[in-house]
Amino acid sequence: WGQSVVLSGTGHDADGEYIKDGLWQIGPIWLSSDPGEQVFLDTGLLLPGNYTLTFTVTDDEGALSLPALGWVYVNVKPIAAILDVEVAARAGGGYLVTLWGNGSDEGRLIDYQWRSNLDGVLGRGRLLVVDNLSNGNHTLFFRVKDETGLWSNWIAYPRAVTIASQTAQPPS
C-alpha cells in the first residue's frame, strides 16, 4: 500500500498501422499512455483488496481492442507500536537500554527493527537490549515487517533518550 506499481503494455494493429494509445483501468482509476510507455500507479490511491486490471489499445482508425486482464492485490502496511523504553544505569558504568515493540497486521509479522538518529540501526526483535549507545540525545525509531515483505512506517518514541558519560564519584 502506498507503493508504485509499474504498468507497461503494447498492442498490435492487424492492418499494420500504428497503435494510437493505451488505456489502463484499476478500480476507479483510469490511466492513459502511449504504447510501450511505462505508467506508475500509486497504490495509496486504492483501498486494500483485490483489483482487476484492464488494458486496452486504440488504433489509428479509432478501433478499440478487447481488454487484456490482470489482477493486482493491494496490501495494507502493518502498524508498529513502541510499548516501552527503559534506561537503567549499570553499576560499573554505562547504561542498558531495553526496547519493547510490537505491531499489528492482517497477516503475520516476521521482522522488527530498531534504530537511533545518532547510531543508526540498533538491532532486530520485539525485545532488544542495547548497551552501546553513544553519548547524546537519541530519538529511537521502530518498524515492523509483514509476511509479504511490506514494512510499516518508522515510528518514533515520543521522548528523547539521553545517554551521558558516567564517571565514578568519590564518596563525600
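Just above, that's the structure.
In this report, we go over the structure that sits alongside the text. (Residues numbered from 1 in each chain as written. Predicted model: local features only at pLDDT ≥ 70, side-chain atom pairs only at ≥ 80, totals over all residues. Heavy atoms only, no water.)

## Focus: the packing of aromatic side chains
Part 1: Applying the stated rule across the entire model yields three aromatic pairs.
Part 2: Between W24 and F55 the ring centres are 4.3 Å apart and the planes differ by 35°, which places this aromatic pair in the tilted class. With W24 in strand β2 (residues 19–26) and F55 in strand β5 (residues 49–59), this pair connects stretches of sequence that are 31 residues apart. Across the pair, F55 and W24 agree in class, each one buried.
Part 3: Note on W114 and F142: the rings are 4.3 Å apart at their centroids and 35° apart in plane angle, and the pair reads as tilted. Residue W114 is found in strand β9 (residues 109–116), and its partner F142 is found in strand β13 (residues 140–146); the two are separated by 28 residues along the sequence.
Part 4: A relative accessible area of 0% means that W114 is categorised as buried. (Phe/Tyr/Trp six-rings, centres within 6.5 Å; stacked < 30°, edge-to-face > 60°. Helix = DSSP H or I, 4+ residues; strand = E, 2+ residues; numbered from the N terminus. Buried < 20%, exposed > 50% of the residue type's maximum accessible area, 1.4 Å probe, protein only.)

## Regarding the sheet that holds strand β7 (residues 79–89)
Part 1: Judged by pairing direction, the sheet is antiparallel, and its three strands sit side by side in the order β7-β8-β11 without closing on themselves. The open sheet has two edge strands, β7 and β11 (127–130), and neither has a second partner. On average, each strand axis in the sheet is inclined to that of its neighbour by 15°, with strand direction left out of account.
Part 2: With four bridges joining them, strand β8 (residues 95–104) and β11 adopt antiparallel strand pairing. The residue bridging T98 from the neighbouring strand is V129, located in β11. (Pairing = 2+ DSSP bridges. Axes fitted to C-alpha atoms, helices over the stretch in contact; angles between N-to-C directions.)

## Digging into the environment of G103
Part 1: The topology assignment puts G103 in strand β8.
Part 2: On the accessibility criterion, G103 (26% relative accessible area) is partly exposed.
Part 3: Each C-alpha atom of the pair G103 and S152 lies 8.8 Å from the other, and the pair is 49 residues apart in sequence.
Part 4: Those residues in contact with G103 that lie beyond four places of it in its chain are I79, A80, A81, L109 and V144. (Contact = heavy atoms within 4.5 Å.)

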